[in-house]
Amino acid sequence: MQKEPIEKIVEDLTKAGYSGLFLSGEHSLADSIWHDGENRIYLEQIVQSSHYSNLTRLLASEVLYTKVPDYPPEEWTGTLAYLYSQALAITGDKTGHFQISGNQWGFMYHTDQLGVKDYGTLGTHLVETGPKAIPYLTKLLDNQETIFYEGSQDATLGNSLAYRVKDAAAYFISQITGIPVKFYEQTTDRDAEIARLKEALKNCK
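A. A look at the packing of helix α10 (residues 165–177) against helix α11 (residues 187–204). At a minimum axis distance of 11 Å, the contact between α10 and α11 shows a crossing angle of 40 degrees. Compared by their axis directions, α10 and α11 come out oblique. The handedness of the crossing between α10 and α11 is left-handed. For the pair formed by α10 and α11, the contact residues are Lys166, Asp167, Ala170, Ile173 and Thr177 on the first element and Arg190, Asp191, Ile194, Leu197 and Leu201 on the second. Considering only residue class, the contact of α10 with α11 consists of 5 nonpolar, 1 polar and 4 charged.

This is how it looks when you write it as structure tokens:
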């Protein structure tokens, strides 16, 4: 029995993953899934439907970002705030099983110290959702899982920073709210800074 078009797209998105969609050069699959715009309506339905996994919905959103100049609609901000926050959650080494690499979130604190804003592709889309992402990101401030970077130089630098999901969540909360968060090499110092951030967020309510 032939699959419905949307189910075939879901299968292709899941099989490709982020790397297969965007990071495989001539073999990247985003173009074939987009299919000259014929699959746009299905991709939009996937993003909006909780029937599909958060990763699949995120990947559909990323295809739309690359193909639709005025994407996303303003009324989708809440949905995307959830999805991109969850993407950070599944970047962790245990829950995420390396489905998303740290590269997609930029080098965060490190490049800030150099005077450069580097959110990566997913981080940029997360920050664009604004304050609606804060409740979801706040839930990640206890997530100790490690974020891993890929590539040669990127991996050497990124993995030397030993970012955890909670460090990244604190960073993006800081970028959205303007509450300063200082980065430390020692995790105990980072955790103290995150505790201060939690208190600051309570006072903002």
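B. Broad picture of helix α1 (residues 5–22). With 18 residues, α1 should cover 26 Å at 1.5 Å per step; its first-to-last C-alpha distance of 21 Å lies more than 12% under that length. The largest bend along α1 measures about 90 degrees and falls at Ala16. Taken residue by residue, α1 has Ile6, Ile9, Val10, Leu13, Ala16, Gly17, Tyr18, Gly20 and Leu21 as its buried positions. The inward-facing, buried residues of α1 abut α2 (30–34), α3 (40–48), α4 (54–67) and α7 (120–128).

C. Seen up close, the packing of aromatic side chains. As enumerated under the stated definition, the model contains 15 aromatic pairs in all. Measuring from centroid to centroid gives 4.9 Å for Tyr65 and Tyr71, while their planes differ by 85 degrees, and the two rings are edge-to-face. By relative accessible area, Tyr65 is classed as buried at 16%. Measuring from ring centre to ring centre gives 6.3 Å for Tyr65 and Tyr84, while their planes differ by 85 degrees; the resulting arrangement is edge-to-face. Highlighted residues: Tyr65 in helix α4 and Tyr84 in helix α5 (residues 77–89), separated in sequence by 19 residues.

D. Main features of empty space enclosed by the protein. Taken as a whole, this structure holds 1 cavity of 30 Å³ or more when the rule is applied. There is about 40 Å³ of room inside the largest cavity. Around the largest cavity, the lining residues are Tyr109, Asp167, Val181, Lys182, Phe183, Tyr184, Arg190, Glu193 and Ile194. For the lining of the largest cavity, the leading source of residues is α11, giving 3 residues.

E. Representation of the pattern of salt bridges. Within the structure shown, the criterion is met by 12 salt bridges. For Asp93, the salt bridge goes to Lys94, with nearest N and O atoms at 3.7 Å. Among the salt bridges present, the one from Asp191 reaches Arg164, with a minimum N-O distance of 2.9 Å. One end of the pair, Asp191, is in helix α11; the other, Arg164, is in the loop between α9 (153–160) and α10, with 27 residues separating them in the sequence. Residue Asp191 is classed as partly exposed on the basis of its relative accessible area, which comes to 26%.

F. Just the nonpolar core, in detail. By size, the foremost hydrophobic cluster in this structure holds 64 residues, and its most contacted members are Leu13, Leu43, Leu88, Trp105, Met108, Leu137 and Phe172. Each residue touching Leu43, except ones within four places of it in the same chain, is listed here: Ile9, Leu13, Ile33, Trp34, Ala60, Val63 and Leu64.

G. Structural context of the environment of Lys166. Residue position: Lys166 is located in helix α10. Along the sequence, Lys166 and Gly130 sit 36 residues apart, while their C-alpha atoms lie 18 Å from each other. Among all residues touching Lys166, those that are not within four sequence positions of it are Leu140, Leu141, Asp142, Asn143, Gln144, Asp191 and Ile194. At 3.2 Å, the side chain of Lys166 and the side chain of Asp191 are in polar contact.

Rules behind the numbers
Residues numbered from 1 in each chain as written. Predicted model: local features only at pLDDT ≥ 70, side-chain atom pairs only at ≥ 80, totals over all residues. Heavy atoms only, no water. Axes fitted to C-alpha atoms, helices over the stretch in contact; angles between N-to-C directions. Helix = DSSP H or I, 4+ residues; strand = E, 2+ residues; numbered from the N terminus. Parallel < 35°, antiparallel > 145°, perpendicular 65-115°, else oblique. Left-handed = near helix turned anticlockwise from the far one by under 90°. Contact = heavy atoms within 4.5 Å. Nonpolar A, V, L, I, M, F, W, Y, C, P; charged D, E, K, R; others polar. Expected span 1.5 Å × (residues − 1). Bend = angle between axes of the 7 residues up to and from the residue. Buried < 20%, exposed > 50% of the residue type's maximum accessible area, 1.4 Å probe, protein only. Phe/Tyr/Trp six-rings, centres within 6.5 Å; stacked < 30°, edge-to-face > 60°. 1 Å grid on protein atoms, 1.4 Å probe; cavity = no way out; pocket = protein on both sides within 12 Å on 5 of 7 lines; lining within 4 Å. Points joined across faces, edges and corners; volume = space filled by probe spheres on them. Salt bridge = Lys/Arg side-chain N within 4 Å of Asp/Glu carboxyl O. Core = buried A, V, L, I, M, F, W, Y, C linked by side-chain atoms within 4.5 Å. Polar contact = N/O pair within 3.5 Å; in protein donor to acceptor, adjacent residues only side chain to side chain.

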